[in-house]
Amino acid sequence: MAPTHSGAGGSAATGELVSYRLRRERRLSSLYATARSLAALGEVDEVLASIVRHAHELIDSDIAYLSLLDAEGNLAIRASAGTISPEFRSARMPAGAGLGARVIESKAPFWVSDYREARVLSHHSAFDLLVPDEGLTALLGVPLLVGERVIGVLFAADRSARPFEKDEVALLCAFADHAAVALDNARLYEESRASLQRLQDAYRIIEDQVATVERAAAVHEALTQVVLTGGGPGDIAQLLVEQLRGAVTVLDRDDRLLAMRPCGEEVPGAGRTPARALLEEARATGRCVSARGADGAVHSVAALHAGGSHLGSLSLTRDAAPGPADVRMLERSAQIMGLLILMRDARAEAEERVRGELLTELLSRPPLHPAQRDRALARGVDVDHLDVLVVADCPGKATSDVVRRLNAVSAEWSGLAGEYLGRATMLLRADGPAARTGTEGADGPRLPDGAPRQEDAHRTDGAARAEKAARSEKAGRAERGARAERGGRAERAARAEGADRPVGAARAAEAGHGEAAARGEAAGAADTVEAVAQALQRRLRRALGAPVLVAADRVTGQEWPRSFALTRRCVEVMRALGETDRGATTRQFGMYALVFDPERAHDLDRFLSDSLGPLLDYDRRRSTDLVATTAAYFAHSGNLSRTARALHVHMNTLLKRLDRITALLGDGWRAPDPALRLHLAVRLHQLRSALDGEERPRAADPAGTRTVPGPRAGGRAEQ
């Protein structure tokens, strides 16, 4: 029987060996198949999931999971198979703790049959709390090696205590080696793909930048061409419209329209002036500022600066917000436009300076030199026909500003403008182009690029009255012309009827006709000068935005210095009389100006002393006001009741003052001739006091009235 038993044992051993070999071959075959499948994957996450799935199947464990080292040396679970707890799938093990620390330190596999009872391990409390929920007991860990560097640990675990056989450990180590290579390849592939994506992104950025640079170069070349060809703000605005696809508006330093170019597309808010807040922010920062308005359009504003001066603003309106390249283009265009405006202003200032110097020579060094005539003709001015001299005064503005405005309109009158002895002065032709066309420009002076200046819609009462007076004056001139025409026809008829009259009567009629014609011509010339003064006053008032005084004088021959002296004094007299916003001729104020001629100051002093000396001495010694009482008396035509009310005194007080005046001047001071002399002396005394600064210019004299010389509304004293 012994041989029989021995044969049975050998047969069983042979069967186990065959089973082991078959199981080993199956595992090796599975290992190679797994390695091939891992090599075919590219994504890191896909490789991680495939590793734990194949490890779980390869050694037939309950749980398989893979942890990778992070930058701090911690092991973080990245993939798992057969786990139950979601907290376990995201667990982290700090450096130096757990079974993984032993594997990393030794770079060799390590296993325990019961993890919770293993005293050879450094346990971590947070991880140990997850172990009971997962049921993890037997645990095997093998390193993932790339060369000599450990990148992670592959774990296999069972929920019951058992030892791991050497074949299982060897098989999992072999699988871990393939898995590490596949994982590292996937990482390298992913890094390569990310690098390729970054390169492609960088290439696209470079392409965009090259396109932007080429576009900027084309725009810069176009801007340079605009500068070289003498273009203006309108040309730059049109170029921006073509490049930026939006409406472009250019404003000057006073926020008035210089140029506006619309876009072919319908853009909300196109052509509107940018919001004040945007303009102020652009000026303060010196950079382009953008904001979406209530109309839905995006408004971008860049300030125009050159030479430390603010010259205006450039704005873009379109639906989309501008990109960085568009902002740079807008800012670069603003710089070029600022330089253009600065160059234009420099040319204008140089021309104004030349014209001002020529004006100074004409006013200060007569007679006229041929070289001066040639210099004037080179600027389109015929000095032999400069027959009107104008002086303008605007206390609220610098004289240079007034001169600049006069220069802007001087070409319309074929004249010269400049500053002479501190006054804004202009020599012009009464029959210049503006006078011949019969208009001063309904829209005011034209701006560059054909854009009309934007005027304030709400004019002041003074401007309205001035325009009304101008219309009335125009109607009056038309009526006078009609009367002259009717008189001419009547005179021609009379000459026809009196053809047979004696020679003496005919000569007398002819002389009368000549005198009438001369008077008509003089009246027409005066009307022309007055029209010039009023037209210039309105133009200056609109341009300066402040009240302006303008006085004009008709020049005889080339007596420009004498005319300037008279006109300047007339402006001073107008200011002393309380005028602040008016255009008039020297004829209306010439009497006062002539009386206050510095060369005749001694005669005036003697006249005032002879006429008012006793009253002035009495007022000075007794601190009374007899001169003011006399002025009020004459202002109210000798009416005692009105004079007392104007002086705010009782009738008895007024009578006592008049008695005192009679005692000082004599009984005949109220007679016509003495009264005229005394009235004139009182008025001249008040006027000279105002001019000399001894009194403030007042709207009303002590009598509560203001006498305005010259033909004006009513032509009499204003109550």
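Computed from a predicted structure; not experimentally measured.

1. A few points about the pairing of strand β9 (residues 289–292)
Point 1. Two strands pair when backbone bridges link them, and β9 and strand β10 (residues 298–306) are joined in this way by four bridges, in the antiparallel orientation. If you follow A291 over to β10, its bridge partner there is H299.
Point 2. Counting the residues between successive antiparallel strands, the hairpin from β9 to β10 contains five residues, one of them, G296, with a positive phi of roughly 90 degrees.

2. Topic: the packing of aromatic side chains
Point 1. Per the counting criterion, the structure on display carries nine aromatic pairs.
Point 2. Between F88 and F127, the aromatic rings sit 5.7 Å apart at their centres with planes inclined by 45 degrees, giving tilted as the arrangement. Within this pair, whereas F88 is found in helix α3 (residues 86–89), its partner F127 is found in helix α5 (residues 125–134), the two being separated by 39 residues in sequence. In this pair, the class of F88 matches that of F127, namely buried.
Point 3. Seen in terms of ring centroids, F634 and W669 are 6.2 Å apart; in terms of plane orientation they differ by 85 degrees. Their pairing is edge-to-face. You can see F634 sitting in helix α18 (residues 626–635) and its partner W669 sitting in the loop between α20 (651–665) and α21 (672–692), a full 35 residues away along the chain.
Point 4. Its relative accessible area of 13% is what places F634 among the buried residues.

3. Describing the nonpolar core
Point 1. Among the nonpolar cores identified, the biggest contains 54 residues, and L362, L363, L386, L427 and W560 are the most heavily contacted of them.
Point 2. Ranked by residues supplied to this core, first place goes to helix α15 (residues 560–576) with eight residues.
Point 3. Among residues more than four places away in sequence, those in contact with W560 are L362, L363, V383, L386, L389, L427 and V555.
Point 4. Ranked by size, the runner-up nonpolar core spans 32 residues in total, among them V44, L58, A156 and A186.

4. Examining the pattern of salt bridges
Between side chains of opposite charge, a pair can form as their charged atoms come close.
Point 1. The final tally for this structure, using the stated rule, is 34 salt bridges.
Point 2. A salt bridge links R187 to D184; its shortest N-O distance comes to 2.5 Å. Note that R187 and D184 are positioned in helix α6 (residues 166–228) at a spacing of three residues, about one turn of the helix.
Point 3. Overall, D184 belongs to the buried group, its relative accessible area being 12%.
Point 4. With a shortest N-O distance of 3.1 Å, E559 and R562 are connected by a salt bridge.
Point 5. Residue classification places E559 among the partly exposed positions, given a relative accessible area of 40%.
Point 6. Taken together, the salt bridges that share partners define one network made up of D252, D254, R256 and R405.

5. Side note on helix α8 (residues 276–285)
Point 1. For α8, the set of buried residues is L278, L279 and A282. Each buried residue of α8 lies within a common arc of 100 degrees when the element is viewed along its axis, so the set occupies one face. Set apart from the buried face of α8 by more than 90 degrees, the exposed residues are A277 and A284.
Point 2. Of the surrounding elements, those touching the buried residues of α8 are β9, β10 and β11 (309–318).
Point 3. Looking at the residues trailing α8, positive phi occurs at G286, about 75 degrees.

6. Some remarks on the environment of V181
Point 1. Structurally, V181 is set in helix α6.
Point 2. With 37 residues separating them in the primary sequence, V181 and L144 have C-alpha atoms 8.5 Å apart.

7. Digging into the sheet that holds strand β8 (residues 257–261)
Point 1. Pairing in this open sheet of five strands is antiparallel, and the strands run β8-β7-β11-β10-β9 from one edge to the other. The open sheet terminates on both sides in strands that have one partner only, identified here as β8 and β9. This sheet shows a mean twist of 15 degrees between the axes of neighbouring strands, independent of strand direction.
Point 2. In this structure, strand β7 (residues 247–252) lies alongside β11, joined through six bridges in antiparallel fashion. From the neighbouring strand, A247 faces β11, where its bridge partner is T317.
Point 3. Lying over the sheet, helix α9 (residues 324–364) contacts β7, β8, β10 and β11, oriented at roughly 40 degrees with respect to β10.

8. What about the pairing of β7?
Point 1. Summarising burial for β7: six of the six residues are buried, a large majority.
Point 2. Side chains A247, T249 and L251 project from β7 onto one buried face, and the interleaved V248, V250 and D252 project onto a second face that is buried too.
Point 3. Alignment of β7 against β8, held across four bridges, turns out to be antiparallel. Of the residues in β8, the one forming a bridge with V248 is R261.

9. Quick look at the environment of V213
Point 1. Summarising the element assignment, V213 is placed in helix α6.
Point 2. According to the relative accessible area criterion, V213 is exposed, its value standing at 56%.
Point 3. When the C-alpha atoms of V213 and A325 are compared, they prove to be 8.9 Å apart, with 112 residues separating the residues in sequence.

10. Concerning unusual backbone geometry
Point 1. Unusually for a residue other than glycine, K107 sits at a positive phi of about 55 degrees.
Point 2. Here K107 lies in the loop between α4 (98–106) and β4 (110–112).
Point 3. Not every positive phi belongs to a glycine, and S414 is a case in point at roughly 55 degrees.
Point 4. Mapped onto the elements, S414 comes out in the loop between α11 (399–410) and β13 (416–420).
Point 5. Taking relative accessible area as the criterion, S414 reaches 14% and is therefore assigned buried.

11. Focus: the confidence of the model for the protein
Point 1. Here the protein averages 77 in pLDDT, and 74% of its residues register 70 or above.
Point 2. With pLDDT under 50 throughout, residues 441–473 is counted as low confidence; its partners more than four residues away or in other chains account for 38 contacts.

12. As for the sheet that holds strand β6 (residues 149–158)
Point 1. The six strands lie next to each other as β3-β2-β1-β6-β5-β4, forming an open sheet whose pairing is antiparallel. In this open sheet, the two strands that pair with only one neighbour each are β3 (92–93) and β4.
Point 2. Direction of pairing for strand β1 (residues 63–69) relative to strand β2 (residues 75–81): antiparallel, over a ladder of six bridges. Each residue of the ladder has a partner; that of L66, found in β2, is A79.
Point 3. Sheet strands touched by α6: β1, β4, β5 (138–146) and β6. Its angle to β5, the strand with the most contacts, is close to 45 degrees.

13. What to know about a nonpolar patch on the surface
Point 1. A contiguous nonpolar patch, built from L339, L342 and M343 and spanning about 240 Å² of accessible area, is present on the exposed surface.
Point 2. Turning to its location among the elements, L342 is positioned in helix α9.
Point 3. On the basis of relative accessible area, L342 is assigned to the partly exposed category, the value being 34%.

14. Let's talk about the packing of α6 against α9
Point 1. Across the interface, α6 lies against α9 with an axial gap of 11 Å and an inter-helix angle of 15 degrees. Accordingly, the angle class assigned to the pair α6 and α9 is roughly parallel. In terms of crossing hand, the pair formed by α6 and α9 is right-handed. Where α6 approaches α9, its residues T212, R215, V219, H220, L223, V226 and V227 are matched on the opposing element by A325, D326, R328, M329, R332, S333, I336 and L340.

What counts as what
Residues numbered from 1 in each chain as written. Predicted model: local features only at pLDDT ≥ 70, side-chain atom pairs only at ≥ 80, totals over all residues. Heavy atoms only, no water. Pairing = 2+ DSSP bridges. Helix = DSSP H or I, 4+ residues; strand = E, 2+ residues; numbered from the N terminus. Phe/Tyr/Trp six-rings, centres within 6.5 Å; stacked < 30°, edge-to-face > 60°. Buried < 20%, exposed > 50% of the residue type's maximum accessible area, 1.4 Å probe, protein only. Core = buried A, V, L, I, M, F, W, Y, C linked by side-chain atoms within 4.5 Å. Contact = heavy atoms within 4.5 Å. Salt bridge = Lys/Arg side-chain N within 4 Å of Asp/Glu carboxyl O. Arc of directions from axis to C-beta. Axes fitted to C-alpha atoms, helices over the stretch in contact; angles between N-to-C directions. pLDDT = per-residue confidence, 0-100. Patch = residues over 30% accessible without salt bridge, like charges linked within 9 Å, V, L, I, M, F, W, Y side chains within 5 Å. Areas by Shrake-Rupley, 256 points an atom, 1.4 Å probe, with all protein chains shown as cover. Parallel < 35°, antiparallel > 145°, perpendicular 65-115°, else oblique. Left-handed = near helix turned anticlockwise from the far one by under 90°.

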